[in-house]
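Each chain, written out:
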Amino acid sequence: MSDQKTQFFHFHTINEFMLADFRQQVLTQVITNLDSLPSDLRSQLSAQIRQQVKVPGFRNSSQAPAVVKVRGSIQAFERSPQFAANVLAAWSELNAELRQQVYDFLVQRGWKVLPVEADRTKLPGFLTRWPKAEQFDVLDEAFRAAHPETTSSKDDISLMVVWISTRLPYELVEQPDEESPAE
């Protein structure tokens with residue numbers, strides 16, 4: 001390993017890589033399915049919504065209708081690294097089959113990733129180095145070849161690759177030289 005320090009982007013940096021309508025889809029899926037999340041993640045998100053999301057007409061924003069909470073959550077997702085991390089963790093939980101498929105897919109391709117059950121919200125953020133040969137189009141095509149039955153969108157697959165790998169495609173390199181955090 002070289003002497004350079006491992007660099008991270010805070011989790012809310014994902015907003016620079018997401019389209020606004022896809023971010024809204026992710027938030028909608030998470031907020032409308034809060035009740036089906038594991039209790040610890042559900043309580044963390046509910047507390048963050050109460051603290052960080054302002055909904056006109058509601059003292060407790062977690063009591064607002066889901067569609068209104070989603071609109072109010074966008075700003076929190078853009079500004080709060082921990083809220084973004086918890087939303088992504090919840091989205092990953094709600095898409096458990098895709099999560100496992102993407103994990104297996106990345107491992108088969110030689111990516112060094114944390115175990116699928118690892119709590120990625122405890123990390124400082126996303127690694128910044130991304131394998132140059134593994135652009136999203138290449139990954140999407142290969143994933144669909146491996147899983148022709150998938151109904152997941154390219155955005156879903158790409159976001160799950162980012163979440164499972166804990167990497168953002170910021171610095172494209174031949175081979176990322178840092179290990180996944182905690183390996």
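You'll find the structure just up there.
Residues numbered from 1 in each chain as written. Predicted model: local features only at pLDDT ≥ 70, side-chain atom pairs only at ≥ 80, totals over all residues. Heavy atoms only, no water.

Enquirer: Please explain the overall build of the protein as it appears in this structure.
Expert: Each helix and strand in the protein was counted, giving seven helices and three strands. N-terminal to C-terminal, the α/β element order of the protein is β-α-α-α-α-α-β-α-α-β. Against the 2.2 N^0.38 benchmark of 16 Å for 183 residues, the protein shows a C-alpha radius of gyration of 17 Å, consistent with a compact globule. Each of the three principal axes of the protein carries a C-alpha extent, and together these read 50 × 40 × 25 Å. Expressed as a percentage of the 183 residues in the protein, the buried residues total 49%. (Helix = DSSP H or I, 4+ residues; strand = E, 2+ residues; numbered from the N terminus. Rg over C-alpha atoms; globule rule 2.2 N^0.38 Å. Buried < 20%, exposed > 50% of the residue type's maximum accessible area, 1.4 Å probe, protein only.)

Enquirer: Just to check I follow, could you spell out the nonpolar core for this structure?
Expert: Note on soluble globular proteins: their nonpolar side chains tend to be buried together. Residues Ile 14, Leu 45 and Phe 77 are the most contacted members of the largest nonpolar core, which totals 50 residues. Considering every element that reaches this core, the biggest residue donor is helix H4 (residues 81–94), with eight residues. (Core = buried A, V, L, I, M, F, W, Y, C linked by side-chain atoms within 4.5 Å.)

Enquirer: Hey, could you run me through the pattern of salt bridges in this one?
Expert: Where charged atoms from two side chains of opposite charge come close, those side chains can pair. In this structure the tally under the stated criterion is eight salt bridges. One salt bridge connects Glu 134 with Arg 109, and the closest N-O pair in it is separated by 2.6 Å. Placement of the pair is Glu 134 in the loop between strand E2 (126–131) and helix H6 (136–146) and Arg 109 in the loop between helix H5 (96–108) and E2, with a sequence separation of 25 residues. When its relative accessible area of 10% is taken as the criterion, Glu 134 is described as buried. The closest approach of N and O atoms between Lys 132 and Glu 174, which form a salt bridge, is 3.4 Å. Placement of the pair is Lys 132 in the loop between E2 and H6 and Glu 174 in the segment after strand E3 (167–173), with a sequence separation of 42 residues. You can call Lys 132 partly exposed: its relative accessible area is 41%. (Salt bridge = Lys/Arg side-chain N within 4 Å of Asp/Glu carboxyl O.)

Enquirer: Sorry, what's going on with the pairing of E2 here?
Expert: Looking along a regular strand, one sees side chains alternate from face to face of the sheet. Counting buried positions over the six residues of E2 gives six, a clear majority of the element. The pairing of strand E1 (residues 8–9) with E2 spans two bridges and is antiparallel. Looking at the pairing, Phe 8 lines up with Leu 127 of E2. Bridge count between E2 and E3: four bridges; the pairing is parallel. Bridge pairing links Leu 127 to Arg 167 in E3. (Pairing = 2+ DSSP bridges.)

Enquirer: I would appreciate a short explanation of unusual backbone geometry in the present structure.
Expert: For residues besides glycine, phi is generally negative; the peptide bonds are generally trans as well. The phi dihedral of Thr 166 falls on the positive side, at around 50°, and the residue is not glycine. Here Thr 166 falls in the buried class, since its relative accessible area comes to 0%.

Enquirer: Please explain the packing of aromatic side chains as it appears in this structure.
Expert: Geometry of an aromatic ring pair is reported as the spacing of the ring centres plus the angle between the planes. By the definition in use, this model includes seven aromatic pairs. With a centroid separation of 4.8 Å and an interplanar angle of 85°, the aromatic rings of Phe 9 and Tyr 170 are classed as edge-to-face. Here Phe 9, found in strand E1, pairs with Tyr 170, found in strand E3; they are 161 residues apart in sequence, far enough to count as distant. Residue Phe 9 is classed as partly exposed on the basis of its relative accessible area, which comes to 21%. Take Tyr 170: its relative accessible area is 55%, and that puts it in the exposed class. (Phe/Tyr/Trp six-rings, centres within 6.5 Å; stacked < 30°, edge-to-face > 60°.)

Enquirer: Is there a simple way to think about the environment of Val 87 in this case?
Expert: By the secondary structure assignment, Val 87 is in helix H4. Judged by its relative accessible area of 1%, Val 87 falls in the buried class. Distance from Val 87 to Asp 155, taken between C-alpha atoms, is 16 Å for residues 68 residues apart in sequence. When residues no more than four places from it in sequence are discounted, the contact partners of Val 87 are Val 26, Leu 27, Val 30, Leu 45 and Phe 77. (Contact = heavy atoms within 4.5 Å.)

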